[in-house]
Amino acid sequence: MITINNISKSYNSKVAVDQLNLQINPELFVFLGPNGAGKTTTIKLLTGLLRPDAGHIQLNGHDIQIEPLAAKRQFGYAPETPALYEKLTPFEFVRLILAIYQIPTAIGVTRMEQLFDIFELNDHQNSLIEELSNGMKKKISLIAALVHQPKILILDEPTVSLDPKAVRHLKEIMRGMVLRGSSVFMSTHILEVAETMADRIGIIDHGKLAALGTIEELRASFHVDATLEEIFLRLTGEASSQKIDEFLQ
Amino acid sequence: MILPLLKITLYKSFALFRTGRKIKPIKSILPLLAMSILPVFIILRAREMFEAWLLVPQLGASFMLSFLSSALLGLFVVLILSGFPHAFYYLYLAPDLSLLAALPLAPRTIFLQKFIEMSLMGCGAFIAVGLPLMISMIWVLGGIIRAYFLLLLLFPLYVIIAGAISALLSMALAAFLNVRRIRRFFVYLTGLIIILVWAGLQFLRLSRLNPLSDDFDADMVSRFSSFFANMKFSAFPSDWLLQSIYSTAIREPERMIIPFLCLAITAAVLTRLVVLIRARSRDFSNPEIGRVFPAHPHRHSKGKLFASLFQKEMTLIFRDARVLQSYWIITAMILVWPFIQQRQAMSSIESGIDLLPFLGSLLLISLFAGNMARQTVPNEREAFQYLLSAPISIRRVLMAKLLAQSALFAGMSTVNVWLTAYRFHLFIADALVLWLCMVFCVVIGLVVGQTIGVLFGNYHWQDPRQMLTPGWNYLSPLVSILFCGLGLAIFAALWQVNQIVAFLIFFAYVGGVFQFGIMVSAKKLTKLEWI
Ligand SMILES: Nc1ncnc2c1ncn2[C@@H]1O[C@H](COP(=O)(O)OP(=O)(O)OP(=O)(O)O)[C@@H](O)[C@H]1O
Ligand SMILES: [Mg+2]
């Protein structure tokens, strides 16, 4: 469970997140918004990588500012760009993660091998991370977030650069974890993922929450058969085909 | 087409001085001042020595010229050898190559820019040592302004010739070997060369050539003279540079024409050759051929956190070619040191321990330790966000880093003390005292270095080399030495009173520095925002 209470964050004088309130129960919550809306900033605030200018965040009842270690034990996190230890192998890196989360070796290694297997990294687990492709690095960063089976999963654009099969596996894993009582907080630009997967959707624009609810609730608040794309564009500014025409002239 | 590209090169070279944030002009001057200490020192010392030579009839200008010829020739060789890693990097591995390749640019343009970039980045050794020597020469010959200008114009040609030779040889190697692997090899080779040059200069002791110095050795000078007499320097680019400048400096400009033409034509032809050959094979990217590191699934069965952190630090040290190269150089210096030390060291050993003769090695090792420790947190790069968002106290991460490095430096100290004891016939007890002091100094150096690295970092995680402002890069060894010196002074003072107490107090001092350093760094890092 994640409780976000009135948080704000500015970079220098630019407001990135503006008095945001959110409560995420054991569910799959999808965070949408245009580029620069404040999704990554919110996620960094959740994980303690940034400190809010105002407001509180609780993860399963632990305030990230007051009890950082207890709060951090609750979640697994995969950042937007997977910047890993280039000089370690995937095996060594995930072992380090297991040790940090104090997962007994036997259980941890089994889970790690299962995940390497699911994401088809078996042949690469002993090469240096710097030699792997972008998508493989992204998979490793996801594996690091999943391997300790956290109660809260925080993923920043997890589907970027994954192949369709890996996206499918990731969806199934997230679904399964929610069924077992975990909360998943993910940001994405793929509306299809949001439409088919999300229990609830939040749309953020200019640091403020523009809409919140299940897909049905969002549809109801516009008109009944609007697609998520139409809702998104309505909330965050229409696409201007006139400008495109001008450009193509 | 080449101009916009060269502009990028220029920006990149100045990026070394930019810290990203708006800084006061005084702060950007400070690092430049710090960096000019060595060249200014060389200019002053060389001028004094050259003037003395000019006054001795049997030496005169020809001795100075021969000395400069051989110095420049030596530098030329160093430039070529140290140019290899640069050549492999800039011509084959630079990350922006694939970007440039996708732009509508002729490969020749791209590689011309890369070659110029490579030559510029490789000329540090010349600017630090060669340029000051030439400046002193012009100075003692009357200091004609024109000659200084000519020097500024011509030295890039000389640097480019050296760069072109290493580029051509590198391309020959790259034709049938994996670029990344040979680059790694040459990185170590360069390290070795630096050590050899340093050790060579220590043994040579150039002050023996200086008639003004107490060390002056007329015998050595005459041996040098006869050596110079047998050398034919005029075939080398280093001598073309020297002759052009020398002729201008003694107001005989007509004599500079031939060496100048040689220099210019050679540089142009070689540059053309490098660009043509490199552009002919148009493969821009050079993937690493997979290396495999076997997994050890049951190394520690309980998943002990600290052991894992320690193991990670060790792995990162041993797999990072740049860090490992520094360790090789430091190890070699520490091990050569006992043999360079002067004999006076053993005079007062009988009357209990006298640390003074070994002060040099103690401060040296603490300085090196500080230099290495300064980089460890920046070297985490962006992966550090995993540790920051994980349930782990940063204290432990920092302690694991210190412990891993202490282990390496303690190993070096042990061999150093062993060699010192062997060379100066120390008693075992004295050697033990020396060893303990050395380990204490290592710990102080490491903690001080790491703390400075954390407290005064710019937090540009993408590029660890830019994490510290250049000013602090130069100041931090001084701070290491200061803390170490203070500890040693306390220890030496108490040693007269009571040896046990002296050790206990020294130990407490080290512990205090350790605790304090870890505390403030952990505090800073825990509060850090990952912007
Ligand atoms: N390091 C930074 N310094 C200054 N401003 C920043 C920084 N990082 C983000 N911002 C600003 O904060 C705002 C929100 O950025 P954020 O990265 O949270 O957007 P996002 O919703 O994740 O966008 P995207 O979909 O592109 O990932 C943007 O206006 C951005 O310009
Ligand atoms: Mg983002």
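About the cut-offs
- Residues numbered from 1 in each chain as written.
- Chains lettered and ligands numbered in written order.
- Predicted model: local features only at pLDDT ≥ 70, side-chain atom pairs only at ≥ 80, totals over all residues.
- Heavy atoms only, no water.
- Near = heavy atom within 4 Å.
- Polar contact = N/O pair within 3.5 Å; in protein donor to acceptor, adjacent residues only side chain to side chain.
- Axes fitted to C-alpha atoms, helices over the stretch in contact; angles between N-to-C directions.
- Helix = DSSP H or I, 4+ residues; strand = E, 2+ residues; numbered from the N terminus.
- Left-handed = near helix turned anticlockwise from the far one by under 90°.
- Contact = heavy atoms within 4.5 Å.
- Nonpolar A, V, L, I, M, F, W, Y, C, P; charged D, E, K, R; others polar.
- Buried < 20%, exposed > 50% of the residue type's maximum accessible area, 1.4 Å probe, protein only.
- Arc of directions from axis to C-beta.
- Expected span 1.5 Å × (residues − 1).

1. A look at the site of ligand 1
Link 1 in the chain: Around ligand 1, a shell composed of 15 residues is seen, among which Lys39(A), Thr40(A), Thr41(A), Glu80(A) and Ile531(B) lie nearest.
Link 2 in the chain: In this structure, ligand 1 is bordered by residues of chains A and B.
Link 3 in the chain: With respect to ligand 1, the side chain of Asn35(A) contributes an N or O atom lying 3.1 Å from an oxygen atom.
Link 4 in the chain: Separating an oxygen atom of ligand 1 from a backbone N or O atom of Gly38(A) is a distance of 3.0 Å.

2. Regarding the packing of helix H7 (residues 124–140) of chain B against helix H8 (residues 145–174) of chain B
Residues and elements named next belong to chain B.
Link 1 in the chain: Between H7 and H8, the least distance of the axes is 11 Å, while the angle of their chain directions is 145°. Handedness of the crossing formed by H7 with H8: right-handed. Residues Phe126, Ile127, Leu131, Met134, Ile135, Ile138 and Trp139 of H7 form the contact with H8, whose own contacting residues are Ala147, Tyr148, Leu151, Phe155, Tyr158 and Val159.
Link 2 in the chain: Looking at the contact of H7 with H8 residue by residue, the class counts come to 13 nonpolar, no polar and no charged.

3. Section: helix H9 (residues 228–236) of chain A
Residue and element names in this part refer to chain A.
Link 1 in the chain: Among the residues of H9, Leu228, Ile231, Phe232 and Thr236 are the ones counted as buried. For H9, the arc enclosing every buried residue in end-on projection is 110°, short of the 170-degree limit, so these residues lie on one face.
Link 2 in the chain: As for H9, its buried residues are in contact with strand S3 (28–32), helix H7 (191–197), strand S9 (200–205) and helix H8 (215–221).
Link 3 in the chain: Where H9 ends, the next residue or the one after it, Gly237, has phi of about 105°, a positive value.

4. Quick look at helix H11 (residues 237–249) of chain B
For an α-helix, the turn length of 3.6 residues means that residues three or four places apart are oriented alike.
Residues and elements named next belong to chain B.
Link 1 in the chain: If you check H11, its first and last C-alpha atoms are 18 Å apart, about what 13 residues at 1.5 Å a residue would give, namely 18 Å.
Link 2 in the chain: Taken as a whole, H11 has its buried residues at Pro237, Ser238, Asp239, Trp240, Leu241, Leu242, Ser244, Ile245, Tyr246, Ser247, Thr248 and Ala249.
Link 3 in the chain: In this structure, the buried residues of H11 make contact with helix H4 (60–93), H7, H8 and helix H12 (257–280).
Link 4 in the chain: Downstream of H11 by one or two residues, Arg251 has phi in the positive range, about 60°.

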